[in-house]
Amino acid sequence: MDLVPNDVLAAVLQRLAPRSLAVSRCVCRGWRAIIDARCVLPRDLLPVSLGGMFVSLALEPAPPEFFARPSSMVLAAAARLQDYVDTAEGIPHIINCCNGLLLLDGRIVNPATQHTASDDQAEWPPSPYSMPVYSSRTGTWETRHFVREGAAAGTIADVKSAKEPVYRHAVYWHETLYVHCRSDFIMRITLLPDTNKYQVIKLPAGINASVYDQLYLGKSKKGVHCALVDNDDYRLQVLFLSEFGGNIEWISKYDIDLRALVAHLSRNNCIPGPWTLLQDGNSPGVEVGENPQWDSDNDNVLDIEEEDRGEKCRFFECSISIFGFHPFKEVVFLFLSNERVVACHLKSSKIQDLGQLVVDYRGDVIDTAFVYTPCRMGDLC
């Protein structure tokens with residue numbers, strides 16, 4: 001590199017395709033500095049594919065499972081966190097997942113590259129809000145202080161006395177982090193450089209985690225969404241967080257009746273699907289076909305019969321959990337307690353059957369799941 005002037009090297013690098021340019025950042029610190037300073041790299045370049053779903057168990061002390069097609073080369077390594085994550089502090093437990101990185105208890109992990117980094121513990125005052133922020137550019141953590149804009153969610157006593165939701169989620173979208181906090185509000189944290197501010201966004205009236213334990217905050221194709229399942233009448237509701245013109249409000253987008261789906265899968269639960277739990281990167285007895293990629297529009301579309309749609313259809317005991325949103329399509333992944341995972345297309349209400357998710361620990365239940373997209377660029381990028 002010393003033999004080539006920086007201007008000449010920058011001119012050469014600028015001619016590379018975006019993905020090759022991104023990979024070139026990993027050559028050395030000098031190349032990374034030149035690319036960051038002089039080349040335009042799309043922020044949403046990676047990840048660009050859906051890898052599968054990490055699934056944590058609630059009762060059994062076991063590592064997370066991985067639910068996916070048995071064909072991807074990265075899955076064998078990604079599925080076994082315990083092989084490359086230090087287990088001195090206990091079995092790896094996934095707290096959240098974003099852009100190919102997993103947040104564990106005190107650690108950041110990139111399964112696609114098997115790199116890890118340590119985490120700091122954060123304190124949560126109402127304002128300012130001190131938070132450790134990990135920079136994939138520098139590879140380090142730094143403490144940043146965020147000042148609230150607008151009204152507070154309430155007093156500290158109100159938040160402490162509020163019931164803790166069964167599950168809380170966070171999502172990253174357009175340089176902004178959205179966190180579902182105790183007392184049922186969303187903290188909107190702007191992570192742009194030199195913009196150390198956050199806002200409080202209340203959930204819509206009547207929607208709270210103490211009533212809807214299946215309340216999921218995530219991102220889909222067009223932005224931040226909130227999905228919730230009413231297991232009394234099998235309804236899936238999806239709301240969109242509109243931020244047009246600086247006016248932040250929740251907009252109800254979808255209200256889908258899932259009763260026919262429950263009835264159908266109650267009678268047809270033994271039919272195998274294209275996805276399976278991976279064990280050491282593959283699953284015994286599963287053959288990979290000529291086209292190993294999952295067709296997220298057409299694979300295993302369920303043909304719901306008219307008898308399933310009838311008002312008098314008999315329901316089996318069943319509950320529905322939300323696994324997450326598809327990152328590039330308006331699709332919600334659902335898990336039925338009879339061990340089926342389905343993809344629900346929100347616009348068309350089309351249902352794709354992904355297959356049975358049967359864990360080895362029969363006495364256990366699934367605790368959390370994270371939709372995972374592999375990140376193959378750099379260490380913890």
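My aim in this report is to walk through the structure given alongside it, one point at a time. Computed from a predicted model, the values in this text were never measured in an experiment.

Considering the overall build of the protein
Part 1: The helix and strand tally for the protein stands at 7 helices and 22 strands.
Part 2: Within the protein, contacts between residues at least 6 apart in sequence are counted, and of these 57% link residues at least 24 apart.

Structural notes on the pattern of salt bridges
Part 1: By the definition in use, this model includes 7 salt bridges.
Part 2: Lys 197 is the partner of Glu 149 in a salt bridge, and the nearest nitrogen-oxygen pair spans 3.5 Å. Highlighted residues: Glu 149 in strand β8 (residues 140-149) and Lys 197 in strand β12 (residues 197-202), separated in sequence by 48 residues.

Some remarks on the sheet that holds strand β19 (residues 331-336)
Part 1: What the 4 strands build is an open sheet, ordered β18-β19-β20-β21; its pairing is antiparallel. Edge strands, defined here as strands with exactly one partner in the open sheet, are β18 (320-325) and β21 (351-356). Averaged over all adjacent pairs, the angle separating strand axes in this sheet is 25°, with direction ignored.
Part 2: Looking at chain direction, β18 and β19 are connected through 5 bridges and run antiparallel.

A word on the environment of Ala 263
Part 1: With respect to the element layout, Ala 263 can be found in helix α6 (residues 259-267).
Part 2: On a C-alpha basis, the gap between Ala 263 and Ile 304 in space is 9.1 Å, while along the polypeptide they are 41 residues apart.

Let's talk about a nonpolar patch on the surface
Part 1: A contiguous nonpolar patch, built from Val 4, Val 8 and Val 12 and spanning about 220 Å² of accessible area, is present on the exposed surface.
Part 2: Take Val 12: it is sitting in helix α1 (residues 6-13).
Part 3: On the basis of relative accessible area, Val 12 is assigned to the partly exposed category, the value being 47%.

Here we look at the packing of aromatic side chains
Part 1: Applying the stated criterion across every chain, the model contains 7 aromatic pairs.
Part 2: Taking 6.0 Å as the distance between ring centres and 55° as the angle between the ring planes, the aromatic pair formed by Tyr 216 and Phe 325 counts as tilted. Here Tyr 216 is found in strand β13 (residues 215-220), whereas its partner Phe 325 is found in strand β18, with 109 residues between them in sequence. Neither residue differs from the other here; Tyr 216 and Phe 325 are each classed as buried.
Part 3: Joined through ring pairs, the aromatic side chains of Phe 54, Phe 66 and Tyr 372 make up one cluster.
Part 4: In this structure, Lys 253 packs its charged tip against the face of Phe 240, placed 5.4 Å from the ring centre.

What counts as what
- Residues numbered from 1 in each chain as written.
- Predicted model: local features only at pLDDT ≥ 70, side-chain atom pairs only at ≥ 80, totals over all residues.
- Heavy atoms only, no water.
- Helix = DSSP H or I, 4+ residues; strand = E, 2+ residues; numbered from the N terminus.
- Contact = heavy atoms within 4.5 Å.
- Salt bridge = Lys/Arg side-chain N within 4 Å of Asp/Glu carboxyl O.
- Pairing = 2+ DSSP bridges.
- Axes fitted to C-alpha atoms, helices over the stretch in contact; angles between N-to-C directions.
- Patch = residues over 30% accessible without salt bridge, like charges linked within 9 Å, V, L, I, M, F, W, Y side chains within 5 Å.
- Areas by Shrake-Rupley, 256 points an atom, 1.4 Å probe, with all protein chains shown as cover.
- Buried < 20%, exposed > 50% of the residue type's maximum accessible area, 1.4 Å probe, protein only.
- Phe/Tyr/Trp six-rings, centres within 6.5 Å; stacked < 30°, edge-to-face > 60°.
- Lys NZ or Arg CZ within 6 Å of the ring centre and 35° of its normal.

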